[in-house]
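Close look at the chain arrangement
Here is what each chain is made of, one letter per residue.
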Amino acid sequence: MSKLVQRLAAMVAMTAVVLGATIGGVSSMMIHYKPLNEGAETVLTVNGDAVTADEYSGYMLYNMQYYASMYAQMGLTDLWSNKDMAKSLGASMPEAAEQQAIYARVVMQKFNELGLKLSYNEQKEMASVRRNSIANTTKDAYLNQIAQFGFSDQTYQNFMYISQCYQALNDYYFGENGVNTPSDEDIQKYYEDNYITAKHILITTVDPASGETKRTDEEAKKEAQSILDRINAGEDFDTLMNQYSEDTGLSNNPNGYTFTEGQMVTEFYDGAKALAEDEVSELVKSNYGYHIIKRVKLDDSQLDNFKSDIISAISGSMDELLQQWMDEAQVETTDLYSTITYENVYDYLPQDVQTLVTRPGEASEQSDAQQSDAQPSDAEQSATEQSAQ
């Protein structure tokens, strides 16, 4: 899955966390998508739909704050005032804003093309997020906080709406009885064709807890061979496994591991795959030590644990489909696209955001507090680090 898509999907969630918002309660207000200032200049079009400067600049500032939060965790608390760092990262901000704009447009376009509608309850929940955000502070504080991310009140509502449309698309394509969801029979067949259940006896050279050497490679091989000889002489595999295996996961997997390609070290996977059911391997060496592998009947009880992976393998995922739509979108930029940079982006924000946002170098108690408030949650920080890779 595209790491950019991961980051885009987390956008509203991060802002809601920053604002201390929770979904709940009842509100008479409904959230609707509304275009921003239609009189603003167009920066780019996505499949013919215009993205204006005030929306585009908001996306750029959001990405700037995103990276500022990440670098603040590493001790650089004023990223965009550091000329060298700002110049280096700033070059990628137009593309990041463009991708966000494409994401927003293709989600709305596909949602509308399919004739999908958000339910009353879904819109009421979004309204509750906004209402609770304001109730947890004040209306002015709420507007000030979202402004630091480049959001006006309507921008934030729009992206809440777009995120809900994304979820509706996911349900349409990949939810229960979704148009791309494979049948139970297809899932079962894929599971049987691609997954393996195997037990093993592992003799290690290194203590996994301490990292200290337990025995030489030659000693480990000799001990493993002596156990294999006993199995070949007719002794019970499970009895010897429980007595001698040094696999720390044995207690949690007494009936063996169920896996497919890429989930185990290559030597173990290849060794297990080459076996017939109930067949025992010769010694298989990996970085963990020496394995004696026994392939057993596929554990059908594990299917549910892999179901989502199997669906993705057969039919893809919403994120992959979204990335395809984004890649296929017809995008045209105007001259203004090359004009808006990380240095002058503040001048193109919606007017109500311009009056509130803190610009680089404006050191004050207020900006310090805003930067502290803008730190992402642990989950969002993890997503940030992934997307930066």
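Calculation criteria
Residues numbered from 1 in each chain as written. Predicted model: local features only at pLDDT ≥ 70, side-chain atom pairs only at ≥ 80, totals over all residues. Heavy atoms only, no water. Helix = DSSP H or I, 4+ residues; strand = E, 2+ residues; numbered from the N terminus. Buried < 20%, exposed > 50% of the residue type's maximum accessible area, 1.4 Å probe, protein only. Contact = heavy atoms within 4.5 Å. Salt bridge = Lys/Arg side-chain N within 4 Å of Asp/Glu carboxyl O. Patch = residues over 30% accessible without salt bridge, like charges linked within 9 Å, V, L, I, M, F, W, Y side chains within 5 Å. Areas by Shrake-Rupley, 256 points an atom, 1.4 Å probe, with all protein chains shown as cover. Arc of directions from axis to C-beta. Pairing = 2+ DSSP bridges. pLDDT = per-residue confidence, 0-100. Axes fitted to C-alpha atoms, helices over the stretch in contact; angles between N-to-C directions. Parallel < 35°, antiparallel > 145°, perpendicular 65-115°, else oblique. Left-handed = near helix turned anticlockwise from the far one by under 90°. Nonpolar A, V, L, I, M, F, W, Y, C, P; charged D, E, K, R; others polar. Phe/Tyr/Trp six-rings, centres within 6.5 Å; stacked < 30°, edge-to-face > 60°.

A tally of regular secondary structure across the protein chain gives 17 helices and seven strands. Taken across its 389 residues, the protein chain has 49% of its residues classed as buried. Once local pairs closer than 6 in sequence are excluded, the contacts in the protein chain between residues at least 24 apart make up 74%.

The subject of this paragraph is the pattern of salt bridges. Counted by the stated rule, this structure contains eleven salt bridges. One salt bridge connects Glu55 with Arg105, and the closest N-O pair in it is separated by 2.6 Å. Of this pair, Glu55 sits in helix H3 (residues 53-72) while Arg105 sits in helix H5 (residues 93-113), placing them 50 residues apart in sequence. Across the pair, Arg105 and Glu55 agree in class, each one buried.

Another point: the environment of Tyr342. With respect to the helices, strands and loops of the structure, Tyr342 is situated in the loop between strand S7 (331-333) and helix H15 (351-354). A sequence separation of 279 residues divides Tyr342 from Asn63, and the C-alpha atoms of the two residues are 9.9 Å apart. Setting aside residues no more than four positions away along its own chain, Tyr342 makes contact with Met60, Met64, Trp80, Ala86, Lys87, Gly90 and Met93.

Judged by side-chain polarity, Leu114, Tyr172 and Val179 come together as a nonpolar surface patch covering roughly 230 Å² of accessible area. Relative to the helices and strands, Val179 is located in the loop between helix H8 (153-174) and helix H9 (184-194).

Turning next to helix H4 (residues 83-90). Listing the buried residues of H4 in full gives Ala86, Leu89 and Gly90. Looking down the long axis of H4, one finds its buried residues gathered within 100° of arc, a one-sided arrangement. In this structure, H4 carries Asp84, Lys87 and Ser88 as exposed residues pointing more than 90 degrees from its buried face.

Extensive coverage of strand S6 (residues 289-296) is indicated by the burial of six of its eight residues. Where strand S3 (residues 196-204) and S6 come together, eight bridges link them in antiparallel fashion. Of the residues in S6, the one forming a bridge with Thr197 is Val296. Bridge count for strand S5 (residues 284-286) against S6 is three bridges, and the pairing is antiparallel. The partner of Val284 across the bridge, within S6, is His291. Two successive antiparallel strands, S5 and S6, enclose a turn made up of two residues.

As a further point, take the confidence of the model for the protein chain. Residues at a pLDDT of 70 or more form 85% of the protein chain, whose mean pLDDT is 85. Predicted confidence is poor over residues 12-28, with pLDDT under 50, and the contacts of this stretch with residues over four places away or in other chains come to 49 contacts. Considering only residues more than four positions removed or in separate chains, one finds that residues 376-389, a stretch of pLDDT under 50, has 23 contacts.

Two numbers describe how helix H10 (residues 217-232) lies on helix H11 (residues 237-244): the axes approach to 10 Å, and their chain directions differ by 160°. Relative to H11, H10 is oriented roughly antiparallel. Pair H10 / H11 crosses with right-handed handedness. Counted together, Ile227, Arg230 and Ile231 of H10 and Phe237, Leu240 and Tyr244 of H11 form the full contact between these two elements. Each residue belonging to the contact of H10 with H11 can be placed in one class, and the counts come to five nonpolar, no polar and one charged.

The antiparallel open sheet is built from four strands, whose spatial order is S4-S3-S6-S5. The sheet terminates laterally at strand S4 (257-259) and S5, the two strands that pair on one side only. When the angles between neighbouring strand axes are averaged without regard to direction, this sheet yields 45°. H11 rests against S3 and S6 of the sheet, and its axis sits at about 45° to S3.

Before going further, it helps to examine the packing of aromatic side chains. Inspection of every chain in the model, using the stated rule, returns 19 aromatic pairs. Relative to Phe306, the ring of Tyr195 has its centre 4.8 Å away and its plane inclined at 45°; by these criteria the two rings are tilted. Taken together, the positions of Tyr195 in the loop between H9 and S3 and Phe306 in helix H13 (residues 303-315) put the pair 111 residues apart, joining distant regions of the chain. The pair Tyr195 / Phe306 is uniform in exposure class, with both members buried. Three or more aromatic residues joined by ring pairs make a cluster, and in this case those are Tyr62, Tyr66, Tyr67, Tyr142, Phe149, Phe151 and Tyr156.

One ladder, built from four bridges, connects strand S1 (residues 42-46) with strand S2 (residues 49-52); its direction is antiparallel. Residue pairing in the sheet places Thr42 in a bridge with Thr52 of S2. Counting the residues between successive antiparallel strands, the hairpin from S1 to S2 contains two residues, one of them, Asn47, with a positive phi of roughly 50°.

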